Amino acid sequence: RRMSVIPEGNALFVIDIEYTEPFEEVQKVLEPHMAFVKQGYAEGRFLASGPKTPRTGGVVIAMGTSLEEVEALMAQDPFVEAGGIALKITEFAASNRHPVLA
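Predicted, not measured: the structure shown is a model, and the values here were computed from it.

Caption draft 1: How the structure looks around the pattern of salt bridges. Tallied over the full model, the rule gives five salt bridges. Taking the shortest distance from any N to any O, the salt bridge between Lys 52 and Asp 16 comes out at 2.6 Å. In this pair, Lys 52 is assigned in the loop between strand 2 (46-51) and strand 3 (57-64) and Asp 16 in strand 1 (residues 11-19), connecting sequence segments 36 residues apart. Residue classification places Asp 16 among the partly exposed positions, given a relative accessible area of 27%. Two residues, Lys 52 and Glu 18, come together in a salt bridge whose shortest N-O distance is 2.6 Å. Placement of Lys 52 in the loop between strand 2 and strand 3 and of Glu 18 in strand 1 is noted, with a sequence separation of 34 residues between them.

Here it is, written out as C-alpha cells:
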C-alpha cells in the first residue's frame, strides 16, 4: 500500500490571493515570493499554484493540519509581509480525489 500524497491528519486549503495594488507594485516582491513558493513545495506544503487569468492574483492549493497552521505559513509569504494583496484561505475536505492523490 503506497502512502497518500495528502498525509493523514492533513486537510486541503484553497488560498486565494487578490492583488490590492497594481501588478507593477506587486511584481517588486515577485522574486522573494517565488522563493517562498519553491520552499513550500520542497517542504511538501503545496500541491499546486499559479497566477489567475486575468492576472489579478494567484491561487495555491496547500496542505496543513489546521487553518491556523496555514495562516501562520502564509504570514511568511513576502507578498503578505509587503502588503498589496488580500488573502482568503478556505479549508475543504477532499472527499473525492483523482487516483494520483489517493
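Caption draft 2: Region of interest: unusual backbone geometry. With omega at 0 degrees, the peptide bond leading from Thr 53 into Pro 54 counts as cis. With respect to the element layout, Pro 54 can be found in the loop between strand 2 and strand 3.

Reading guide: rules and limits
Residues numbered from 1 in each chain as written. Predicted model: local features only at pLDDT ≥ 70, side-chain atom pairs only at ≥ 80, totals over all residues. Heavy atoms only, no water. Salt bridge = Lys/Arg side-chain N within 4 Å of Asp/Glu carboxyl O. Helix = DSSP H or I, 4+ residues; strand = E, 2+ residues; numbered from the N terminus. Buried < 20%, exposed > 50% of the residue type's maximum accessible area, 1.4 Å probe, protein only.

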